[in-house]
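Fold and geometry: a report
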Amino acid sequence: MAHLSRIWTLACATFTQLLRMRIMAFLAVFCVIVVAAGLGFAIINPEQQLKLLKDVAFGALQVFSVVMGICATALLLPRDLEDRTLYTVLAKPVPRLNYLLGKLLGVLMTIAVGMLVLDLALSLMLYLRQNLVFAQAVAALKAEGQDSPQAVAQLQAMVAQQGLGWNLQAGVLVIFLKSSVITAMTLMISCMASSTLFTMVIGFLATLCGHGQELIRETFLSGQGVALRQVWKTLLAVITPDLTLFDVTDAVINGQSLGMPALLGIAGMSLLYVLGYAMASHLLFVEKEL
Amino acid sequence: MDTPAAKPNSRFTAATPGRAMLLALAVLLGVGGLSQPLGQALRQQLQQQALLNPPVDMGLRGNLGQMGFAAALGGLRSLVASVTYLQAYRAWELVAWARVDSLMALTCTLQPKHANYWDEAAWHMAYNAASHYLYNESIEPWVRGRLSEQYKAQGVAILKTGLSHLPQNAKLWHTLAEIYQNRTHEPKLAAQAWLKVRDLTGQARYARFAAYQLAQSQEASDWKTAYAMLRQAYAKADQRTPSLIENLRQLEQRLNIPYPQRIPEAAPTLEKDPAEFGPIR
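None of these values were measured; they are calculated from a predicted model.

Comments concerning the overall build of chain B
Along its length, chain B carries 11 helices and zero strands. Reading chain B from its N end, one meets helices and strands in the order α-α-α-α-α-α-α-α-α-α-α. Sequence separation of 24 or more characterises 47% of the internal contacts of chain B that already satisfy a separation of 6 or more.

The structure is reproduced here in structure tokens:
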């Protein structure tokens, strides 16, 4: 219980520390982008307008969560070392594991709050836009005398598929799960690295490789023998997490339903990676001379 | 700084230097080894539910540009596709058909499960581009015709590629049927596509559309098929449209159907003189 209490205290302190860094300031920029996407591009067809809004919003969510996950995490340990806060905390005594878990949880809380704000902005814009689009489309049908109940029902179904729904929230959750993997991986890199810049660069490279794992496997390993291919695939899995498993947002944007089994599978993979990286972080940090 | 907190945990120093590092590596190997079969099973599950996109084609690399490729690789394929779609829209406004074609091809490749992109790409080629070249008097007439036919064929090819990704999409089959019917004038292929739409949507009127196309074929066997389909539709009062009656009367004459078996309705007369209709495009 004492451990949990310490972890929670450190998490709250980390959350406050990150808010004070005004990292969330550029959240406002993303919100403006989402709103602009919702109001602009009136010339394209209604279905495409809704899709574009979702594309921009989900893109903003992904960029925000990845940038926050890498940059905020990379700053934590060096900042605490520089401020001498780290020695004070560990001298309490706070086990190094508690310290790391508190930091990880604090960053994840910050990302969650930021994503919640963006999600609210997206949901509001999408709700307003879909109602406007539906009203305009029905008015256009009426003007042409084509507003039969079947046509209106078809229009309603299209708007429902492309508009606001619980499925979108599942997509936001998947993005959060991906960012938690990236955050844990960056924390592990930070425990090995000696500078913030190094952590950020390696973090971004690893994230890019994680997204390109399937491409790397298809392009570079297809001509290899079975045994050699398996070795390379394991090494690749060691170096980077397979982030392509989290790329279901395209399907969500297209209106497809993300069922509970798929969501649980993705959550399970995320948990595996986060626990693995957290354990590796602890082992690296425990030996680190501060 | 030599505080107790600054010193590493005593279990891992002195006797076993680097042991923690090796353990960390072992943990990562374990995670890597475990994530592979689990990841593969999850990937198969997601692919079965069509929730994952196929990997980005390396051939796209030159078309996307560095930032676009990195963005697509960073899980932003949908956003990049929306951007290229807007670029294609702009190219359409500027009547730059080659650019429209390449940008829409890129968009469709990034988002192969989005039927609207395939539909719109085919529309641009088979209708807009084909008509633009057909009526462009600055081009030699024989070149105009060839270009028009090429773009119509391009529209068909785009839809066929789209249907390879979305074989059960009624909208794409509908668009294909319309192109075969109105643009390339291939009644047998149009009929097959209309029947596919009927099978996917369950709406009987598409069977009539297929029959109308078969009635325009040159083969008597197709006429018989069309006649049987239209007689089936005629049995339902809500399907007795003027087009159905017109086509049935024509087929009865072509097939020499005995008079007692013919439908009682007379062939519908046109309210408008055919000379008043505009050119067929």
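Right, picking up where we left off after that structure.
A word on the overall build of chain A
The helix and strand tally for chain A stands at 12 helices and zero strands. Reading chain A from its N terminus to its C terminus gives the helix and strand order α-α-α-α-α-α-α-α-α-α-α-α. Along the three orthogonal principal directions, the C-alpha set of chain A runs to about 80 × 55 × 35 Å. Looking at chain A as a whole, 47% of its 290 residues are labelled buried.

Some remarks on the confidence of the model for chain B
Residue and element names in this part refer to chain B. Model confidence for chain B is summarised by a mean pLDDT of 85, while 81% of its residues fall at 70 or above. Segment residues 10–15: pLDDT under 50, and five contacts once partners within four positions in sequence are set aside and those in other chains are kept. Interface scoring of the predicted complex returns ipTM 0.85; its pTM is 0.82.

Brief notes about the interface of chain A and chain B
Chain A puts 51 residues into the contact, and the matching count from chain B is 49 residues. Residue assignment for the side of chain A that touches chain B shows that the elements contributing at least two residues are helix H3 (46–83), helix H4 (85–90), helix H8 (196–211), helix H9 (213–220), helix H10 (226–239), helix H11 (249–253) and helix H12 (260–286) of chain A.

Comments concerning the environment of Leu27 of chain A
Residue and element names in this part refer to chain A. Mapping Leu27 onto the fold places it in helix H2 (residues 25–39). Note on Leu27: 19 C-beta atoms within 10 Å, which makes it partly exposed. When neighbours within four sequence positions are excluded, Leu27 is seen to be in contact with Phe64, Gly114, Val117 and Leu118.

A look at the domain arrangement of chain B
Residues and elements named next belong to chain B. Annotation of chain B at the domain level lists domain 1 (56–111), domain 2 (113–185) and domain 3 (190–273). Look at where the C-alpha atoms of domain 2 and domain 3 centre, and you get two points 26 Å apart. The partner domain 3 presents eight residues to the eight residues of domain 2 that form the contact. Its residues assigned to classes, the side of domain 2 that touches domain 3 shows five nonpolar, three polar and no charged.

Points about helix H5 (residues 115–134) of chain B
Residue and element names in this part refer to chain B. In this model H5 runs 27 Å from its N-terminal to its C-terminal C-alpha over 20 residues, within 8% of the 28 Å that 1.5 Å per residue would give. The principal kink in H5, of about 30 degrees, is found at His124. Restricting attention to buried positions, one finds in H5 the residues Ala115, Tyr117, Trp118, Asp119, Glu120, Ala121, Ala122, His124, Met125, Ala126, Ala129 and Ala130. Its buried side turned inward, H5 meets helix H3 (77–93), helix H4 (97–110), helix H6 (141–165) and helix H7 (170–182).

Some points on the nonpolar core
Counting residues in each nonpolar core, the largest one holds 143 residues, and the members touching the most others are Val34, Ala57 and Leu118 of chain A together with Trp194 and Ala210 of chain B. Take this core: its biggest share by element is 16 residues, from H3 of chain A. Beyond its immediate sequence surroundings of up to four residues, Ala210 of chain B is in contact with Ala191, Trp194, Leu195, Arg198 and Met229 of chain B.

Brief notes about the packing of H5 of chain B against H6 of chain B
Residues and elements named next belong to chain B. Look at H5 against H6: their axes get within 7 Å of each other, and the N-to-C directions meet at 175 degrees. One finds that H5 runs roughly antiparallel with respect to H6. Here Ala115, Trp118, Ala121, Ala122, Met125, Ala126, Ala129, Ala130, Tyr133 and Leu134 of H5 lie close against H6, whose contacting residues are Arg144, Leu147, Ser148, Tyr151, Lys152, Gln154, Gly155, Val156, Ile158, Leu159 and Gly162. Counted by class, the contact of H5 with H6 contains 15 nonpolar, four polar and two charged residues.

Some details on unusual backbone geometry
Residue and element names in this part refer to chain B. Of note, the phi angle at Ala50 is positive, near 55 degrees, even though the residue is not glycine. Tracing the sequence through the fold places Ala50 in the loop between helix H1 (19–48) and helix H2 (61–73). Phi at His185 takes a positive value of approximately 55 degrees, unusual for a residue other than glycine. Tracing the backbone through its elements, the reader meets His185 in the loop between H7 and helix H8 (187–201).

Some words on the packing of H12 of chain A against H1 of chain B
Two numbers describe how H12 of chain A lies on H1 of chain B: the axes approach to 9 Å, and their chain directions differ by 170 degrees. In terms of axis orientation, H12 of chain A runs roughly antiparallel to H1 of chain B.

Side note on H8 of chain B
Side chains three or four residues apart in an α-helix point the same way, a direct result of the helix having 3.6 residues per turn. Residues and elements named next belong to chain B. Helix length check: H8 (15 residues) gives 21 Å between terminal C-alpha atoms against 21 Å at 1.5 Å per residue, within 8%. Turning to H8, its buried residues are Pro187, Ala190, Ala191, Ala193, Trp194, Leu195, Lys196 and Val197. Count one or two residues on from H8 and you reach Gly202, which has phi positive near 75 degrees.

So, the environment of Val197 of chain B
All names here are of chain B. Mapped onto the secondary structure, Val197 falls in helix H8. On the neighbour-count criterion, Val197 (24 C-beta atoms within 10 Å) is buried. In this view, Val197 contacts Ala170, Trp173, His174, Ala177 and Tyr206; residues no more than four positions away in its chain are not counted.

A closer look at the environment of Trp92 of chain B
Residue and element names in this part refer to chain B. With respect to the helices and strands, the residue Trp92 is situated in helix H3. A sequence separation of 139 residues divides Trp92 from Arg231, and the C-alpha atoms of the two residues are 44 Å apart. Setting aside anything within four residues of it in sequence, one finds Trp92 in contact with Val100, His124 and Asn128.

Reading the values: the criteria
- Chains are numbered independently. Their residues run from 1 in the order of the written sequence.
- Chain labels run from A onward and ligand labels from 1 onward, assigned in the order the entries are written.
- Local features in this predicted model are restricted to residues whose pLDDT is 70 or higher, and side-chain atom pairs enter the listing and the counts only when it is 80 or higher, whereas totals over whole chains, interfaces and linings include all residues.
- Strands here mean DSSP runs of E at least two residues long; helices mean DSSP runs of H or I at least four residues long; both are numbered from the N terminus.
- Two residues qualify as a contact pair if the distance between their C-beta atoms, derived from the backbone, is within 7 Å.
- Using C-beta atoms placed from the backbone, we call a residue buried if 20 or more other C-beta atoms fall within 10 Å of its own, exposed if 12 or fewer do, and partly exposed for counts in between.
- A score from 0 to 100, pLDDT tells how confident the predictor is in each residue.
- For the domain bounds, the source is a domain assignment made automatically or taken from a database.
- As a working rule, the residues Ala, Val, Leu, Ile, Met, Phe, Trp, Tyr, Cys and Pro are called nonpolar, Asp, Glu, Lys and Arg charged, and the rest polar, with Gly in that last group.
- Take the residue count of a helix, subtract one, and multiply by 1.5 Å to get its expected span.
- The bend at a residue is defined as the angle formed between two axes, one fitted to the seven residues ending at that residue and one fitted to the seven starting there.
- Think of a nonpolar core as buried Ala, Val, Leu, Ile, Met, Phe, Trp, Tyr and Cys residues, each tied to the set through C-beta atoms within 7 Å.
- Between N-to-C directions, angles cover 0 to 180 degrees, with each direction set by a line fitted to C-alpha atoms, over the stretch in contact for helices.
- We call two directions roughly parallel when the angle between them is under 35 degrees, roughly antiparallel when it is over 145, roughly perpendicular when it lies between 65 and 115, and oblique otherwise.

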